[in-house]
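Geometric and topological summary
This is what each chain is made of:
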Amino acid sequence: MKRDLAPTRLDHMIDIVRHHAPDERRVATAIPFLSLLRSSHPTPVTRGVLKPSCCVILQGHKRVHLSDEVLDYGPGEYLVVSVDMPASGHIVSATADKPYLLLNIELDPQEIAAIVLEAKIAIDSEQPVRGAFVGKTDDALQESLYQLVRLLQAPPAEAAFLAVGLKREIIYRLLTGAYGRQLYQNVVLDQQDRGISKAIAWLKDHYDQSIKVEDLAQATNMSVSSLHHRFKAVTTMGPMQYQKQLRLQQARNLLLNGDVDATTAAYKVGYESASQFSREYRRLFGAPPMQDIKKLRAAP
């Protein structure tokens with residue numbers, strides 16, 4: 001005789017999140033660093049910039065593209081991002097009966113670095129590693145996530161207060177788990193002025209300016225060769241390609257806001273040629289600027 005299996009932590013989290021995310025959208029919660037996402041159908045590929053975060057899938061599957069690298073993850077697995085990463089992705093598995101459900105936990109690199117120091121977590125290598133990776137939750141991490149999700153049922157003030165300690169516990173579990181080195185490596189090296197977060201921040205501040213790799217290397221206290229090696233190891237692309245994607249993403253945001261036309265957006269983000277802007281925009285987003293914006297506005 002077949003016996004029903006007892007509900008798991010994952011099952012309990014699914015029930016709670018389905019209740020608190022009833023609609024097809026991202027939902028903010030009373031916990032400042034936690035948001036929820038639900039979708040009842042697969043989605044087309046979209047491009048954007050991933051922010052430092054831990055995204056845990058409770059149900060469904062997603063695929064993320066980082067330049068030439070593809071990351072797939074599903075129930076009980078997570079995507080951790082330690083630096084701003086231009087990427088594309090789409091939900092590949094979701095139905096009305098079993099919707100895609102995601103926990104998005106914002107991460108603060110300084111908070112991670114502080115926990116590394118407080119917990120005396122050692123670094124076994126100084127080589128740069130990819131700034132985004134997929135891992136599988138173990139029992140300890142699932143328990144911490146479960147306690148965090150349970151707070152969604154508590155009064156908002158209580159949830160916000162108690163969640164602070166649970167976030168530190170989750171970060172600790174990530175750092176000491178099987179994939180911990182990939183998280184703390186970049187964070188700690190950045191604290192020691194040997195990472196690429198400073199280069200990324202510099203590019204974000206100067207994305208609309210014409211710059212040389214030599215200027216960026218000097219601004220970040222690296223040699224040109226070291227900058228190229230570390231930047232590509234972490235972000236999957238070179239500094240100038242990264243700047244180009246920042247420009248095009250910003251131009252897309254300007255066009256979506258409806259305040260400018262394509263030519264004006266091109267000049268605002270640093271392009272000197274509207275035709276070059278249009279070619280590179282189409283190459284990245286798959287359609288000319290205004291056609292792409294029209295399709296985005298028509299999407300449900």
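Residues numbered from 1 in each chain as written. Predicted model: local features only at pLDDT ≥ 70, side-chain atom pairs only at ≥ 80, totals over all residues. Heavy atoms only, no water.

1. Quick look at the side chain of Ser 144
Cut-off, in case you're wondering: In DSSP terms, a helix is any run of H or I states spanning at least four residues, a strand is any run of E spanning at least two, and both are numbered starting from the N terminus. Think of a polar contact as two N or O atoms within 3.5 Å of one another; within protein, one of them needs to be a possible hydrogen donor and the other a possible acceptor, and neighboring residues in sequence only count if both atoms come from side chains. Residues are treated as being in contact if the distance between any of their heavy atoms lies within 4.5 Å.
Take Ser 144: it is sitting in helix H3 (residues 139–150). At 2.7 Å, the side chain of Ser 144 forms a polar contact with the side chain of Glu 169. Ignoring any residue separated from it by four or fewer positions in sequence, one finds Ser 144 in contact with Leu 166, Glu 169, Ile 170 and Arg 173.

2. Digging into the sheet that holds strand S8 (residues 85–93)
Spelled out, the test is: Strand pairing is assigned whenever DSSP identifies at least 2 bridges connecting the two strands. For helices, the axis comes from a line fit to the C-alpha atoms of the stretch in contact; other axes are also lines fit to C-alpha atoms, and the angle between any two N-to-C directions lies between 0 and 180 degrees.
The strand order across the open sheet formed by four strands is S3-S8-S5-S6, and the pairing between neighbours is antiparallel. The open sheet has two free edges, formed respectively by strand S3 (46–50) and strand S6 (69–73), since each of these has just one partner strand. Within this sheet the neighbouring strands show an average axis-to-axis angle of 30°, counted without direction. Examined bridge by bridge, strand S5 (residues 61–66) and S8 share five bridges and lie antiparallel to one another. Paired with Arg 63 across the bridge in S8 is His 90.

3. A word on the packing of helix H11 (residues 274–285) against helix H12 (residues 289–298)
Let me state the cut-off plainly: Every angle not falling under 35 degrees, over 145, or within 65 to 115 is termed oblique; those three ranges are roughly parallel, roughly antiparallel and roughly perpendicular. Amino acids outside the nonpolar list (Ala, Val, Leu, Ile, Met, Phe, Trp, Tyr, Cys, Pro) and the charged list (Asp, Glu, Lys, Arg) are all regarded as polar, and Gly is one of them.
For the pair H11 and H12, interaxial distance at closest approach is 9 Å and the crossing angle is 40°. Between H11 and H12, the interaxial angle falls into the category oblique. Contacts from Phe 277, Ser 278, Tyr 281 and Phe 285 in H11 reach Pro 289, Asp 292 and Ile 293 in H12. Taken together, the residues of the contact of H11 with H12 sort by class into five nonpolar, one polar and one charged.

4. Some remarks on the pairing of S6
Bridging between S5 and S6 involves five bridges; their strand directions are antiparallel. Directly across from Arg 63, in S6, lies its bridge partner Asp 72. Linking S5 back to S6 in an antiparallel pair, the connection comprises two residues, with Ser 67 at a positive phi of about 55°.

5. Structural notes on the UniProt feature "domain: HTH araC/xylS-type" (unreviewed entry) in the protein chain
Cut-off, in case you're wondering: UniProt positions are given in the numbering used here, feature names are shortened, and annotations may be inferred rather than shown by experiment.
UniProt's feature table lists "domain: HTH araC/xylS-type" (unreviewed entry) at residues 197–295, given in the numbering used throughout. Helix makes up 74% of residues 197–295 and strand makes up 0%, while its end C-alpha atoms are separated by 34 Å.

6. Observations concerning the environment of Gly 258
Here Gly 258 is to be found in the loop between helix H9 (239–257) and helix H10 (262–268). Residues Gly 258 and Lys 232 lie 26 residues apart in sequence; the distance between their C-alpha atoms is 34 Å.

7. Some remarks on the pattern of salt bridges
Operational definition: The term salt bridge refers to a pairing of a side-chain nitrogen on Lys or Arg with a carboxyl oxygen on Asp or Glu at a separation within 4 Å. A simple rule labels every residue: compare its accessible area, found with a 1.4 Å probe on the protein chains alone, to the largest value its type can have, and call it buried under 20%, exposed over 50%, or partly exposed in between.
Scanning the entire structure with this criterion turns up eleven salt bridges. Note that Glu 143 is salt-bridged to Arg 9, the shortest N-O span being 2.7 Å. With Glu 143 in helix H3 and Arg 9 in helix H1 (residues 9–20), this residue pair connects regions lying 134 residues apart in the sequence. Arg 9 sits in the partly exposed class, given a relative accessible area of 28%. For Asp 84, the salt bridge is made with Lys 51, and the minimal N-O distance between the two is 3.2 Å. With Asp 84 in the loop between strand S7 (77–81) and S8 and Lys 51 in the loop between S3 and strand S4 (53–59), this residue pair connects regions lying 33 residues apart in the sequence. Classification of Asp 84 by relative accessible area gives buried; the value is 9%.

8. Here's the deal with the environment of Glu 69
Tracing the chain through its elements places Glu 69 in strand S6. For the pair formed by Glu 69 and Gly 258, sequence separation is 189 residues and the distance between their alpha carbons is 33 Å. In this structure, Glu 69 is in contact with Val 64, Arg 130 and Thr 236, ignoring residues within four places of it in sequence. Within the structure, Glu 69 has its side chain in polar contact with the side chain of Arg 130 (distance 2.7 Å).

9. Some remarks on the domain arrangement of the protein chain
Here is the rule we go by: Domain boundaries shown here were taken from an automatic or database domain assignment. For any pair of parts, buried area is found by adding up, for both, the accessible area (1.4 Å probe) each one loses once the two are put together.
What the domain assignment lists for the protein chain is domain 1 (9–188) and domain 2 (194–298). A straight line from the C-alpha centre of domain 1 to that of domain 2 covers 26 Å. Facing 18 residues of domain 1, the contacting portion of domain 2 comprises 20 residues. When domain 1 packs against domain 2, close to 1500 Å² is buried across both sides, 53% of that on carbon and sulfur atoms. Its largest share of buried area at the contact with domain 2, domain 1 owes to Arg 47, Pro 86 and Pro 128, together 39% of the area lost on that side. At the junction of domain 1 with domain 2, the criterion picks out one salt bridge. Here Lys 204 and Asp 84 are joined by a salt bridge, their closest N and O atoms 2.4 Å apart. For the interface between domain 1 and domain 2, the tally reads seven residue pairs in polar contact (both at pLDDT 80 or more).

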